[in-house]
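# Survey of secondary and tertiary structure
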Amino acid sequence: MVIYTRMSKDRAGAGLGVDRQRQDCADLADRLGWSIIGHHSDNDLSAYSGKPRPGYRALLDDLEHGRADAVVVWHTDRLHRRPVELEHYIDVCDPRGVITQTVKAGPLDLATPSGRMVARMLGSAGRYEVEHMIERQQAAKLQAATSGRWKGGRRPFGYEVDGVTVRESEANEIRRATDGLLTGMSLHALARDWNARGVTTSTGGVWKPTEVRKLLARPRNAGLMEHRGEIVGAAEWPAIVDESLWQAVRALLGDESRRTTTGNARRWLGGGLYLCGICGAPLRATTAGTGGRGRGHAPAYRCEHGAHVVRRCQSLDNFVEQVVIERLSQPDAADLQRVPAAVDTSALHVERLAVKARLSELVDLFTGDQITAHMMERGSATLRTRLDDLDRQLASAVGESALDGVTGPGTAAVWLTLDLSRRRAIVDTLMTVTVHRTRRGRPPGWRPGDSYFDPAGVEITWH
């Protein structure tokens, strides 16, 4: 005979732990005169959830291989609350003559139709009990959500353990990260910054880009209550950031081009920014031969229309960065900055998201034969014109804020801390870099140990 016990999170065992259940089962076995050959248990694994239960699987294995011919369990709902599991259990026990005894529900005679009927009825009752309990829990959560009350759980970052009181030190980090994201910083950069400064999650862990994304996109930051992915109203806790900024973050993170992937991540400063001096097309970072047999390849910028110009990424980026740092270190660099508040980027992001949604809606209406092709073409032309206008305004808005905190004597040190996306925004704000062809070989004035990079082939036009 084998004992099976389980203590689930629903505490349906009248608050009894596994040890108490096991003792009750052992007492029953002793009264029946049965010998115990083993004990299997699954603690906090619900028979209703469908999750794998190693102890239950081991119990079936004992029965299938003839190591046990009887089972003692505290209650039938400790075995299963899903009909499919009960039917499998019957298939295992019936041909082997396995006897099942329960402490609370008496014997289960699975060898007769009436006994199997009783087992199925008990299983259905147990399933109903759990479904009804889940229904009550969901209703309570919905009521809490619609009334704006915190539903409990682990301490949310930015708030105290009560989920309502703002923890200012963490709230400031959220505000800073929100501003950083909207001015060009990546999720990777924000995670690195927090980890480098010792800012931990609410559980004391390190930050990952995915966790930063979830944090900045959550409605809680704007003082809003969410239930099953939908905003249901204002929350009882105060907002950390303005709702308009949170909307802008949600719109920005919803852009697929900002997904944090490793295969498409930019590594070089000028990809798509530097221009070809022959045809004016953007240069793309690729690889080029280093010269000489067997010398391999190195990252290089190449015109997207052909090999009009080819230039090593590292050397060209180093030169452009030196020029940028020198310019931003000048005393008049502060005059380059404009007032960021002149443009409401959050409103622009939200409107852009709405325009894209309306474009998708037009396509759905056309495929559903609700509008004609002419109507879709006319409507999409208007929306795309507005979308282009919004993109231009957003590009200008990024330029207005990209230089914040970067100018002055300490520019060189600040530059080292900037994320690549922020550096690119600064270059795009300050200048146009055009790369011309240069003659092969050593540049004029070359000395042994010098680089072959010739700055004379780089034309910088200041904005």
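Conventions adopted
- Residues numbered from 1 in each chain as written.
- Predicted model: local features only at pLDDT ≥ 70, side-chain atom pairs only at ≥ 80, totals over all residues.
- Heavy atoms only, no water.
- Helix = DSSP H or I, 4+ residues; strand = E, 2+ residues; numbered from the N terminus.
- Buried < 20%, exposed > 50% of the residue type's maximum accessible area, 1.4 Å probe, protein only.
- Contact = heavy atoms within 4.5 Å.
- Areas by Shrake-Rupley, 256 points an atom, 1.4 Å probe, with all protein chains shown as cover.
- Pairing = 2+ DSSP bridges.
- Disulfide = S-S within 2.5 Å.
- Salt bridge = Lys/Arg side-chain N within 4 Å of Asp/Glu carboxyl O.
- Axes fitted to C-alpha atoms, helices over the stretch in contact; angles between N-to-C directions.
- Patch = residues over 30% accessible without salt bridge, like charges linked within 9 Å, V, L, I, M, F, W, Y side chains within 5 Å.
- Phe/Tyr/Trp six-rings, centres within 6.5 Å; stacked < 30°, edge-to-face > 60°.
- Lys NZ or Arg CZ within 6 Å of the ring centre and 35° of its normal.
- pLDDT = per-residue confidence, 0-100.

## A word on the overall build of the protein chain
Counting secondary structure elements, the protein chain contains 14 helices and 13 strands. Evaluated residue by residue, the protein chain yields a buried proportion of 38% over its 463 residues. Long-range contacts, defined here as pairs at least 24 residues apart, represent 63% of the contacts in the protein chain between residues at least 6 apart. With the model as given, the accessible surface of the protein chain reaches about 25200 Å², and the carbon-plus-sulfur share is 51%.

## Looking at the environment of Gly 97
Of note, Gly 97 is situated in the loop between α4 (83-93) and β4 (99-102). Take Gly 97: its relative accessible area is 47%, and that puts it in the partly exposed class. Taking the C-alpha atoms as reference, Gly 97 lies 7.0 Å from Ala 111; in sequence the two are 14 residues apart.

## So, the pairing of β4
As judged from the four bridges shared by strand β3 (residues 70-73) and β4, these two strands associate in the parallel manner. Of the residues in β4, the one forming a bridge with Val 71 is Thr 100. Pairing analysis gives three bridges linking β4 to strand β5 (residues 106-108), with the strands arranged antiparallel. Directly across from Gln 101, in β5, lies its bridge partner Pro 107. Between β4 and the antiparallel strand that follows it, β5, lie three residues.

## Regarding the state of the cysteines
Tallying each qualifying case throughout the model produces zero disulfides. Cys 276 carries a free sulfur, and the closest cysteine sulfur to it, the one in Cys 303, is 3.8 Å from it. With no disulfide partner, Cys 279 has as its closest neighbouring cysteine sulfur the one in Cys 303, 3.5 Å distant.

## A look at the environment of Leu 253
Positionally, Leu 253 belongs in helix α9 (residues 243-253). Judged by its relative accessible area of 5%, Leu 253 is buried.

## With respect to the pattern of salt bridges
As enumerated under the stated definition, the model contains 13 salt bridges in all. Here Glu 64 and Arg 57 are joined by a salt bridge, their closest N and O atoms 3.2 Å apart. Relative accessible area serves as the criterion here: at 42%, Arg 57 is assigned to the partly exposed category. Among the ionic pairs, Glu 173 bridges to Arg 197, the shortest N-O distance being 2.7 Å.

## Some thoughts on the sheet that holds strand β12 (residues 431-435)
Taken in spatial order, the three strands make up an open sheet running β8-β12-β13, and their pairing is mixed. Pairing within the sheet leaves two strands with one partner each, and these edge strands are β8 (275-276) and β13 (458-462). Where β12 meets β13, five bridges bridge the pair, whose relative direction is antiparallel. In the sheet register, Thr 434 faces β13, and the bridge partner there is Glu 459. Together, β12 and β13 form the strand contacts of helix α14 (residues 420-430), whose direction differs from that of β12 by roughly 90 degrees.

## Remarks on a nonpolar patch on the surface
On the surface, Met 117, Val 118 and Met 121 cluster together to form a nonpolar patch covering roughly 290 Å² of accessible area. Mapped onto the fold, Met 117 is located in helix α5 (residues 113-146). Judged by relative accessible area, Met 117 falls into the partly exposed class, the value being 46%.

## Overview of the packing of aromatic side chains
Here the structure, examined in full by the defined rule, presents four aromatic pairs. Their ring planes at 45 degrees and their centres at 5.9 Å tell us that Phe 157 and Trp 194 sit as a pair that is tilted. Linking Phe 157 in the loop between α5 and α6 (168-182) with Trp 194 in helix α7 (residues 187-196), this pair joins segments that are 37 residues apart in sequence. On the accessibility criterion, Phe 157 (4% relative accessible area) is buried. Site record: aromatic cluster; members linked through ring pairs are Phe 157, Trp 194 and Trp 207. Cation over ring: Arg 220 sits above Tyr 159, and NZ or CZ is 4.6 Å from the ring centre.

## As for the confidence of the model for the protein chain
For the protein chain, the mean per-residue pLDDT works out to 77, and 73% of the residues sit at or above 70. Of all helices and strands in the protein chain, the one with the weakest mean pLDDT is strand β1 (residues 2-7) (61), whereas β12 scores best (94). Ignoring residues within four places in sequence, the model shows residues 256-265, a span with pLDDT below 50, making twelve contacts including any to other chains. Overall, residues 290-296 carries pLDDT values under 50, and its contacts beyond four positions in sequence, including any with other chains, amount to seven contacts.

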